[in-house]
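Coordinate analysis (summary)
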Amino acid sequence: MKEIVIFPGRFQPMLGHHASVYQKLINDHPDKEVYITTSDKVESGKSPFNFKEKQLIAQAHGIDATKILQVKRNYNAEDLAPYINDAENTAVYFAVGQKDMEDNPRFVFDNMDKETGLSIKPNGDPYYFQKINSIKKEPKPMLERGYILVIENEKDDIENGILSASAFRQAIVKSPNKEAAKEVFNKYFKNYNEPVFELVYKKIVGDKMNE
């Protein structure tokens, strides 16, 4: 059975800590293909970047563009399957941050079957998403089951808070001028990239101006 790891997200925009998580997934799972999935959805104020722009930003972080897949719905095997050769014989592991585990009801594992270790619906059937320790011999194929890899939230050493794209966007919007915005950009991005900064600044501050 082939195995793949998926790092899903909105990535509005992708920041340095996202790139670090992706690289860690590659390092920790050398026997698996690791992909990023994200959508093309654009929403004023909340999701200013389209898929092509997100792909460009990811490339600036050194990520291979062919490993970034466009989907309508994250955490959805049917949307993912067209990109995967032989999906019927491929198992999928979704990398989920601790905060998302707490906030997303689909990842609540509170009704566990003692015999199988599976999270069970009220009707007795297993849920699609399961913990990795529920795997007994080999994983089920991706269209039947998805397994959850929990990843730690990276902390901001300066402000001692969880790093997030929303915090980055707010910091850019609150910057009194472009130079101050560059300082914010340099804090969240590993390497300064002028075209990417101009794209990010225009999208976020321009979005605020339109509103």
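Preceding block: the structure.
Now for a look at the structure at hand. Computed from a prediction, not measured in an experiment: that's the story for all the values here.

What counts, and at which threshold
Residues numbered from 1 in each chain as written. Predicted model: local features only at pLDDT ≥ 70, side-chain atom pairs only at ≥ 80, totals over all residues. Heavy atoms only, no water. Salt bridge = Lys/Arg side-chain N within 4 Å of Asp/Glu carboxyl O. Phe/Tyr/Trp six-rings, centres within 6.5 Å; stacked < 30°, edge-to-face > 60°. Buried < 20%, exposed > 50% of the residue type's maximum accessible area, 1.4 Å probe, protein only. Lys NZ or Arg CZ within 6 Å of the ring centre and 35° of its normal. Helix = DSSP H or I, 4+ residues; strand = E, 2+ residues; numbered from the N terminus. Arc of directions from axis to C-beta. Pairing = 2+ DSSP bridges. Contact = heavy atoms within 4.5 Å. Polar contact = N/O pair within 3.5 Å; in protein donor to acceptor, adjacent residues only side chain to side chain. Axes fitted to C-alpha atoms, helices over the stretch in contact; angles between N-to-C directions.

1. Considering the pattern of salt bridges
The tally for this structure, following the rule as stated, stands at eight salt bridges. When salt bridges that share partners are traced, they join Glu3, Asp31 and Lys32 into one network.

2. A closer look at the packing of aromatic side chains
Under the defined criterion, the tally for this structure stands at 15 aromatic pairs. When the centroid spacing of 4.0 Å and the interplanar angle of 10° are considered together, the rings of Phe185 and Phe189 count as stacked. Phe189 matches Phe185 in its accessibility class, with the two residues each being buried. Taking NZ or CZ as reference, Lys32 lies 5.5 Å from the ring centre of Tyr93, over its face.

3. Here's the deal with helix H5 (residues 165–174)
The complete set of buried residues in H5 reads Ala165, Phe168, Arg169 and Ile172. All buried residues of H5 lie within an arc of 100° about the axis, which places them on one face of the element.

4. A word on the pairing of strand S4 (residues 90–97)
The side chains of a regular strand alternate, first on one face of the sheet and then on the other. The element S4 is extensively covered by neighbouring structure, given that eight of its eight residues are classed as buried. Residues Thr90, Val92, Phe94 and Val96 point to one face of S4 and Ala91, Tyr93, Ala95 and Gly97 to the other, with burial holding for every one of them. In this structure, strand S1 (residues 2–8) lies alongside S4, joined through five bridges in parallel fashion. Following the sheet pairing, Ile4 is matched in S4 by Val92. As paired elements, S4 and strand S6 (residues 146–151) share six bridges and run parallel to each other. Along S6, the bridge assignment pairs Gly97 with Ile151.

5. Quick look at the environment of Gln55
Following the sequence through the fold, Gln55 ends up in helix H2 (residues 51–60). For the pair Gln55 and Ser166, spaced 111 residues apart in sequence, the C-alpha separation works out to 18 Å. Each residue touching Gln55, except ones within four places of it in the same chain, is listed here: Ala65 and Ile68. At 3.2 Å, the side chain of Gln55 forms a polar contact with the backbone oxygen of Ala65.

6. Quick word on the sheet that holds S1
Across the sheet, six strands lie side by side as S3-S2-S1-S4-S6-S5; this open sheet has parallel pairing. Either end of the sheet is taken by a strand with one partner, and the two such strands are strand S3 (68–70) and strand S5 (129–131). Ignoring which end each strand starts from, the neighbouring axes of this sheet average 40° apart. The pairing of S1 with strand S2 (residues 33–38) spans five bridges and is parallel. By the bridge assignment, Pro8 is partnered in S2 with Thr37. Relative to S3, H2 is tilted by about 175°, and along the sheet it contacts S2 and S3.

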